[in-house]
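# Per-entry structural report
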Amino acid sequence: MLNLIAGDLRLAVRTLAARPGWTGAAIICLGIATGANTAAFTLVNGLLLRPLPFEQPEQLVMVALRDPQQALTRPFALDEYRRVVREADVPGMLLARTFFPLSLAAGDGARMAQAELVSGNYFDTLGVKPFLGTFFDESDDRQGSALLAVLSHTVWRLRFGADPGIVAQTVRVNGRAVTIAGVAPPGFVGATQLVTADLWLPAIMYSQLADSPRAAEVPMFGVMARLEPQVTRDEAAARLTSAFADSPHPVAVVIAPASGFGVPIAVAGSLLNLSALLYVVMGLLTAVACANVAALVLARGAGRSGEIAIRLGLGASRTRIARQLLAESAVLALAGCLAGIFAALWLTRALVAALPTGFQYVSYAINVEPDLRVFTYSALATLATVLLCGIAPIRLAARVDVLEMMKQSSARGRPRESLRALHTLVVAQLAVSTMLLVAAATVGRSYFETRATRTTIDTEGLLVAALDLEQLRLDRASGSQLYQNAMERLSAIPGVAAVALTRDVPFRPGRSVTVIADAGGGVGSSDAVLSDAMLVSSGYFQTVGLTLRQGRALDRDTSSQPLATLVNEAMAKRVWPGVSPLGRTFKVGAEGQRHFEVIGVVSDMTGTAELSPRPAFYQLFPHEYSARMTIVIRAHGEPQPLVPEVQRTIRAVDPDLAIVDLRTMEDLLRQLSQQRRAPALALTVVAILALFLSGVGLYGVIAYGVRLRGRELGVRPALGATPGDVRRLVLRQGAGFLAAGLVIGVAASVTMTQLARSRWLGLGAVDPVTLAIVCGVLMAVGCSALYLPARWASSVEPAQTLRSD
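The rules we used
Residues numbered from 1 in each chain as written. Predicted model: local features only at pLDDT ≥ 70, side-chain atom pairs only at ≥ 80, totals over all residues. Heavy atoms only, no water. Helix = DSSP H or I, 4+ residues; strand = E, 2+ residues; numbered from the N terminus. Core = buried A, V, L, I, M, F, W, Y, C linked by side-chain atoms within 4.5 Å. Buried < 20%, exposed > 50% of the residue type's maximum accessible area, 1.4 Å probe, protein only. Contact = heavy atoms within 4.5 Å. Phe/Tyr/Trp six-rings, centres within 6.5 Å; stacked < 30°, edge-to-face > 60°. Pairing = 2+ DSSP bridges.

## Here's the deal with the environment of tyrosine 699
One can find tyrosine 699 in helix α19 (residues 677-708). Residues tyrosine 699 and asparagine 292, spaced 407 residues apart in sequence, show a C-alpha to C-alpha distance of 9.1 Å.

## Some points on the nonpolar core
Ranked by size, the top nonpolar core spans 49 residues in total, and within it Val63, Leu102, Val173, Leu199 and Leu201 carry the most contacts. For leucine 199, the contacting residues outside a window of four places in its chain are Leu102, Leu104, Ala113, Gln114, Ala115, Glu116, Ala149, Val150, Leu151, Ser152 and Val173.

## Remarks on the packing of aromatic side chains
According to the stated counting rule, one finds 20 aromatic pairs in the structure shown. Here the aromatic rings of phenylalanine 123 and phenylalanine 136 are separated by 5.6 Å at their centres, their planes lie at 75 degrees, and the arrangement is edge-to-face. Separated by 13 residues along the polypeptide, phenylalanine 123 in helix α4 (residues 122-126) and phenylalanine 136 in the loop between β6 (132-133) and β7 (148-151) bring together distant segments of the chain. For phenylalanine 123, a relative accessible area of 1% corresponds to the buried category. Classification of phenylalanine 136 as buried rests on a relative accessible area of 2%. Taken together through their ring pairs, the aromatic side chains of Phe54, Tyr122, Phe123, Phe135, Phe136, Phe188 and Trp200 make up a single cluster.

## A closer look at the pairing of strand β5 (residues 109-118)
Among the 10 residues that make up β5, nine are buried, leaving the element largely enclosed by the rest of the structure. Direction of pairing for strand β4 (residues 92-106) relative to β5: antiparallel, over a ladder of 10 bridges. Within the sheet, the bridge partner assigned to serine 103 lies in β5 and is methionine 112. Counting the residues between successive antiparallel strands, the hairpin from β4 to β5 contains two residues.

## Notes on unusual backbone geometry
Following phenylalanine 621, the chain continues to proline 622 via a peptide bond in cis, the omega torsion being 15 degrees. Residue position: proline 622 is located in the loop between β24 (616-620) and β25 (628-635). Residue alanine 168 is not a glycine yet carries a positive backbone phi of 80 degrees. Structurally, alanine 168 is set in the loop between α5 (153-159) and β8 (170-173).

In structure tokens form, the structure reads like this:
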């Protein structure tokens, strides 16, 4: 039996090698299908399915609360968690954790860090062992206990130079002295495999860090449990729910397996929906690729009918023929699977590399490397592909009439019905390819336009430093004074021309509010305008280079008018079209109690974050106060050399004050423009794949039709038709498919782009040049796909066709 299989495979390899062009196209189509499916499953496996990297991960579950009258789940409050542990018959070990941004001050100054506040049994429940020192336990998670911290291996290595004597040293967390108990092992990022924790603190510190006596009543803690082997999830949920039986607001406990990234149950539902959508898209791509292979097989099989008939006439059984055809499909599928696996590995790594590694001080721990489950899935997908791709040739072999084929008259009775589904598929492919190409071209054009857009201010000499005084828990007066001290000291640095404050980083959207003009002018009380509410210091406009167009500027003399404001030109034109906005008033929100008076108009600020200016109004700091502000520094020359001195100066203002983000404005603009690169590249890759599949599908269908019409096309030259006439006949049919696909695709693209522009700020419109380029590319690919079938049709010998009858 093995010898027969080996012989079938050898013959299949030789048969496929004799047609390298056809074989290569089929393998690429199968590679796209397998690669897309494998990449999708690799992402889903990493997000949701893979066991957590802890001891006995099958015992770990996620725990959440649900109001019986609502379908949504929510996390625990710290008091609720402690109540469950205290009162319920806990069937195992429960841990609680929540993320908390804070200031970590050590020898190199204060920096922002992502802490995970955890219950005392956190490390024991997960089964993690320390790399250095010890972990804190439940005795350290009580009132009056010494404040302890566990550092991540990365922070210990990068910030403390991998100092082996770090244990028992003291650092400052939001101004509080904390003793380092130990260092976590390498690769351990926390219970949630998505966000990297920089350090771990006992949950008892939550109320102190949040600076609120009722912080423990806010539902902010995710809960995990390690169940005993003999306890089911339903039984555990029932036991835990019993702790809330006497509560005035009873809730139900929900339990789900902990896997993938270990995200909360509510987030897991969103990831599941995203995974389902991803699979639908990949399934469609797989179906299209398999249909293309089927079209290729049918086109080739129409020319192999004679070969199959001869084999049958020489005594070969239909089972033997089917086995041989199935072997060819198996070789194709195996080659396509190998190509798809390599493509999937590259695609997933490229996708992860294109994703942001973090945001400001938060780092992501995204790991979607394939495992045994992924390779098993690929093997099953290969088996399914073998069966799917083998159906068409096996059915063809089963319908071959030996006597008819021997008479060379098999061309009669063309099965036009068999072509209709393929024709519809080709038109749909072309339409989808048109939409994807238009989307890729539009997004790509917007990306390059935003990169080339010149900002309305001079950004080359600007440096921005984002600060957050909430970590220091200062009151309004102390916070305002600290910011004032920081600006004065920064202004004294040699090379600094000006310093100002803003709540929102330039070119990033501010806090949007609804503005309604008061009676006496404007768009009317029934019309609301979405505007950015900006908070700036008095020297902000001169520092960034905005020009005062009308009225007077905001300065300290406006303290008698706390509601005085400046508006930009975009807001002035939108709210008060055709009239001067000076002296006009407006309120924020339909029930707004505070009214703002416009005392001046400043120029708009536009850049790579947006193609058109947004309405905005400016309030004066510190008349309006925010603990989170950004210092904008104008340098006389290149701002990058000022970074170390700026860091030292801010550290000198308060050693516990951490800089959230410090960069030049040019770096910020590059980051904002790069946010469009990932979708542009992804759409381009998908569009190219769809374009290739459309070309292959068009070739397969036309080639199949030409093979079926071989007798008719051979008779036409005998009746006076020239080879050019025959070629034009075939090309007209293919051109009809191209035209139909282009019309449907262009119409759908224009409609979808208009809808997307209302949701995606800065997305450009579909212009005629883009449509012309897309149509030209599709026509070029389509004509290339039609060339070989048309050439073959024009080369049919009339004499041979007439002799066959």
